[in-house]
Amino acid sequence: MQKYFVSPEQFGEQYIEITGQDAHHITKVMRQKPGDACIVSDGVSREALVQLESIEDKVVSAVIVEHRELDREPSYAITIAQSLPKGDKMELIIQKCTEIGAASFIPFVSERTVVQYDAKKEAKRLERWSKIAKEAAEQSHRNRVPSIEASMSWNELLQSIASYDLVLFCYENEQGTQLRDVVRPFVERRRAENQDAARVLIIVGPEGGFASREVEQMISQGAQCVGLGRRILRAETAGMLALGCLLYETGEMGGI
């Protein structure tokens, strides 16, 4: 069943008003009619099965049939910090990591980032990425749309890591400590302390990887340097794998 996210002010006690591109999608793409049903969420605390009542090109009115539980979000709030990759790879990362369960994204610039950061294009790029996150959240029936931060500098990223319970620095040359070596003890400790939730940051580099200086700086700030196996992964693959493995260990996909 199709799902849509609306702003909280559109979500009433008995009725929900769907406007903009979502209304266009209902009328022109899905070709739904009065009496058809869909799921609507305010992306914060309310979600409902609704029945379409009146349909126009720009406004769709729906009556709430039943409220639904918000039970599709992982207990761990996981942020993907991704050094800006070339081309449209960031779009793929946002789409797939949203489907898997990422809570937010931080694009950043590191020493070997090839993409030239352009502040003038930032607003348009964030708008595009936010749209992709929303559509992916709707497709995967998430309860919330992941947030996407404005692009950070390397120093800004370093300063931000203190606000997380665990920081996983994915480094292709790490031969000793692997992802599971850090994640499994962390999850077990949280469970023993009756803390089922945590804020985790996964940091992934650009196509050329991280410079040794950057690795040293991250470790000095408390990040855990981890490998992702014996194979070299693409920049757009590493975050997806790390996210999936972390959620597995937390029990989101079975786990321990």
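Shown above is the structure to which this text applies.
Worth saying up front: this structure is predicted, and the values here are computed from it rather than measured.

**Concerning helix α6 (residues 212-220)**
No. 1: Turning to α6, its buried residues number three or more, namely Glu214, Val215 and Met218. All buried residues of α6 fall inside an arc of 100 degrees around its axis, so they share one side. In this structure, α6 carries Glu216 and Ser220 as exposed residues pointing more than 90 degrees from its buried face.
No. 2: The inward-facing, buried residues of α6 contact α4 (154-160), β9 (166-170), β10 (198-204) and β11 (224-226).

**Some details on the pattern of salt bridges**
No. 1: Under the defined criterion, the tally for this structure stands at 14 salt bridges.
No. 2: When the shortest N-O distance is used, the salt bridge between Glu236 and Lys89 registers 4.0 Å. Of this pair, Glu236 sits in helix α7 (residues 235-249) while Lys89 sits in helix α2 (residues 89-100), placing them 147 residues apart in sequence. Taken individually, Glu236 and Lys89 each receive the classification buried, so the pair is uniform in this respect.
No. 3: Residue Arg184 pairs with Glu249 through a salt bridge whose shortest N-O separation is 3.0 Å. Residue Arg184 is found in helix α5 (residues 179-192), and its partner Glu249 is found in helix α7; the two are separated by 65 residues along the sequence.
No. 4: Judged by relative accessible area, which is 24%, Arg184 ranks as partly exposed.
No. 5: The buried category is assigned to Glu249, whose relative accessible area is 6%.

Conventions adopted
- Residues numbered from 1 in each chain as written.
- Predicted model: local features only at pLDDT ≥ 70, side-chain atom pairs only at ≥ 80, totals over all residues.
- Heavy atoms only, no water.
- Buried < 20%, exposed > 50% of the residue type's maximum accessible area, 1.4 Å probe, protein only.
- Helix = DSSP H or I, 4+ residues; strand = E, 2+ residues; numbered from the N terminus.
- Arc of directions from axis to C-beta.
- Contact = heavy atoms within 4.5 Å.
- Salt bridge = Lys/Arg side-chain N within 4 Å of Asp/Glu carboxyl O.

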